[in-house]
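Secondary and tertiary structure notes
Listed below are the residues making up each chain.
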Amino acid sequence: MSSSAKIWISLLVGMAAGALAWSLPIPGSPYRVALDSQQPALFDAVFGTLLGFGLGLVGAWAADARVEKKLSVGLGAGCGLAGALLGDALGTPISSAVAHTMHGLSEAAQFVLLSVAQASGWGVFGLVLGGGLGGARRSSRLAWQGALGGLAGGLLGGIALNLLLQTQVSGFSDAPTAAQGRWYQALALAALGGLTGLGIALAPRLAREAWLRTARGGREYVLARLLVTIGQDRACDIVLRGDPDVAPVHATIEAMTGGKHHLTVAAGMGRRYARVTINNRPIMGEQWLADGDLVQIGEHALVFGERATRGGLSLGPSQPQAWRQGWGVRPKPEPRTISFPKAAQATPPAAGSPEAAPGAARPAPPPPVPTLEPLPLLGLSRDMAALSLGEDSGDNGGEAPLSALPALLTGIVLRAEQGPYVGRAFVVEASGVTRLGRDIAQEIPLPMDKTVSRLHARIVPEGDEYVLEDAGSANGTLANGLRLTGRRVLRAGDVIQMGATVLRYT
């Protein structure tokens, strides 16, 4: 779903929720009694639940991850109910407090203050509902953006509600009929629900920093988390369906300082899975992204958008360094460059010159050109790290060399949820033992956690399963809160703790 479509659908769903709540024959419904500042809590609760449930369905439709779909519906209905009750409890005291402080103000100022005060309860309602719907996307940034949008939409909707109920429709007599009054109330509630839904959907769209849009269909994803996963698994943030060449977790996009992002290939580039290309150039490691880049994963084409690089010409190095700070966002890396001295020219000395005389000292040969050893990247196998840093791929037409194929990645990942690596994803190798520890030589190195042993634990593939075992660590390994005393078969969702680092197996 495109962002524009989501905004318009949220507006229409909000209006429909308001009209539906008006029509329900419940005690306190405006269908039976006039709507005023003393609305019964039961009607507010029904209205809030309906609006939250409807906007949650819109969020579930726009989301890809299975957990986000469930959270959107559940948190939408729950936060709609809680926000409506809280707004009902706070609206009247706020209105009374403001009414007692308006003495000496002009009529226009009193009217504005009183309108805002009467709408404050609906602003609180929108604040809670928008924060819950944004939190369903598992992003604190989307949570506060949704909360601010809901606050603004709820205030505007509450003001529109009060104005519509206090203003006579053009053509009405001094005493409008009961039918005319009820339809006017329905319009007022539709305006309240529509403006609240509009604010909740519009705020993240205006504040977005990076996003992906499918080239076909225009479906849009706001990249508001530190690490966004892309693949065929339904647990991914962006699910690419219908292509067997896409891995369960095929690539990740990570937020960097300065609002920039880079993409990491998290799937093997052998015969099993499709290449990842950026602007038709294959990549096999990490690569900076720029606004307007075309990312191709199998049959799926995604257009990347980013404010930080919009209109820019240079993004920095093509291969960012693989280290990060404890807060989960890596600083802008500098390019790895080496300056070489100019080699002496191999022209023969002129006849009669001192250099041509027998026994004369000859110029020193140029120093040998140093070679760079590839550095292991966090979250990648050592062979893939070498490939990503430019190791010679042989004569395989750009394919991974045969020596690297046993260590190509599977898409099984460990997500860091606590500790210095929070927000980071580490890939488990399929063809061999995955060692975890503080030593940088391990397959999953954790050098920033000083409470982790140099070799802390191992993950061993056995058939289609992966087995976790402690490697004699000093502080031990916990699996789902229990100290590991033997070997344990890992299941999706298991939580592994080593020192201060908490990893979830997915």
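Below or above, wherever it landed, is the structure these notes cover. Only a predicted model underlies this, so the values are computations on that prediction, with no experimental measurement involved. (Residues numbered from 1 in each chain as written. Predicted model: local features only at pLDDT ≥ 70, side-chain atom pairs only at ≥ 80, totals over all residues. Heavy atoms only, no water.)

**Some details on the nonpolar core**
- The biggest cluster of nonpolar side chains holds 21 residues, and the ones touching the most others in it are Leu212, Leu223, Ile238, Leu263, Val295 and Ile297.
- Mapped onto this core, the elements with two or more residues apiece are β1 (210-214), β3 (227-231), β5 (251-255), β6 (261-265), β7 (276-278), β10 (294-297) and β11 (300-306).
- If we ignore the near neighbours within four places in the chain, the residues touching Val295 are Leu263, Val276, Thr277, Ile278, Leu289, His300, Ala301 and Leu302. (Core = buried A, V, L, I, M, F, W, Y, C linked by side-chain atoms within 4.5 Å. Buried < 20%, exposed > 50% of the residue type's maximum accessible area, 1.4 Å probe, protein only. Helix = DSSP H or I, 4+ residues; strand = E, 2+ residues; numbered from the N terminus. Contact = heavy atoms within 4.5 Å.)

**A word on the pairing of strand β17 (residues 465-470)**
- The sheet contact formed by strand β16 (residues 457-462) and β17 spans 6 bridges and is antiparallel. Within β17, the residue paired with Glu462 across the bridge is Glu465.
- Between β16 and β17, which pair antiparallel and follow one another directly, the connecting turn spans 2 residues, one of which, Gly463, has a positive phi of 70°.
- By the bridge criterion, 3 bridges tie β17 to strand β20 (residues 487-489) in an arrangement that is antiparallel. (Pairing = 2+ DSSP bridges.)

**With respect to the side chain of Arg415**
- Examined against the element boundaries, Arg415 turns out to sit in strand β12 (residues 409-418).
- Lacking a salt bridge, the buried Arg415 has Asp237 as its closest oppositely charged neighbour, with an N-O distance of 4.7 Å.
- A distance of 3.3 Å separates polar atoms of two side chains, one belonging to Arg415 and the other to Thr229.
- Setting aside anything within four residues of it in sequence, one finds Arg415 in contact with Thr229, Ala235, Arg424, Val502, Leu503, Arg504 and Thr506. (Lys, Arg positive; Asp, Glu negative; His and termini not counted. Salt bridge = Lys/Arg side-chain N within 4 Å of Asp/Glu carboxyl O. Polar contact = N/O pair within 3.5 Å; in protein donor to acceptor, adjacent residues only side chain to side chain.)

**Remarks on the pattern of salt bridges**
- All chains considered together, the criterion is met by 17 salt bridges.
- Salt-bridge contacts for Glu68 lead to Arg137; the nearest nitrogen and oxygen are separated by 3.2 Å. You can see Glu68 sitting in helix α3 (residues 66-99) and its partner Arg137 sitting in the loop between α4 (107-135) and α5 (140-166), a full 69 residues away along the chain.
- In this structure, the salt-bridge partner of Arg225 is Asp237, at a minimum N-O distance of 2.6 Å.

**A look at the environment of Ser4**
- Tracing the sequence through the fold places Ser4 in helix α1 (residues 3-23).
- Taking the C-alpha atoms as reference, Ser4 lies 9.4 Å from Glu220; in sequence the two are 216 residues apart.

**A short note on the sheet that holds β17**
- Spatially, 5 strands are ordered β15-β14-β16-β17-β20 in an open sheet, and the strand pairing comes out mixed. A strand with exactly one partner marks an edge of an open sheet, and here the two such strands are β15 (444-445) and β20.
- As judged from the 3 bridges shared by strand β14 (residues 434-437) and β16, these two strands associate in the antiparallel manner. Pairing of Arg435 across the sheet is with Arg458, part of β16.

**Observations concerning the layout of surface pockets**
- By volume, the largest pocket is sized at about 870 Å³.
- If you trace the largest pocket, you find 33 residues lining it, with Arg138, Arg225, Arg415, Arg504 and Thr506 closest to the centre.
- Mapped onto the lining of the largest pocket, the elements with two or more residues apiece are α3, α5, β12, β17 and β22 (501-505).
- Element by element, the count of residues in the lining of the largest pocket is highest for β12, at 6 residues. (1 Å grid on protein atoms, 1.4 Å probe; cavity = no way out; pocket = protein on both sides within 12 Å on 5 of 7 lines; lining within 4 Å. Points joined across faces, edges and corners; volume = space filled by probe spheres on them.)

**Looking at a nonpolar patch on the surface**
- Side chains of Phe111, Val112, Val116 and Leu163 sit close together on the surface and give an oily, nonpolar patch of about 320 Å² of accessible area.
- Top element by residues in the nonpolar patch is α4. It accounts for 3 residues.
- A residue is classified by how much of its surface remains accessible, and Phe111, at 44% relative accessible area, is partly exposed. (Patch = residues over 30% accessible without salt bridge, like charges linked within 9 Å, V, L, I, M, F, W, Y side chains within 5 Å. Areas by Shrake-Rupley, 256 points an atom, 1.4 Å probe, with all protein chains shown as cover.)

**Here we look at empty space enclosed by the protein**
- Taken as a whole, this structure holds 4 cavities of 30 Å³ or more when the rule is applied.
- Together, 25 residues line the largest cavity, and Lys6, Arg137, Ile200, Ala201 and Pro204 are the ones closest to its centre.
- If you list the elements that add at least two residues to the lining of the largest cavity, you get α1, α2 (41-62), α4, α5, α6 (178-207) and β2 (220-222).
- By residue number, the principal contributor to the lining of the largest cavity is α6, which donates 5 residues.
- Within the lining of the largest cavity, the residues separate by chemical class into 12 nonpolar, 9 polar and 4 charged. (Nonpolar A, V, L, I, M, F, W, Y, C, P; charged D, E, K, R; others polar.)

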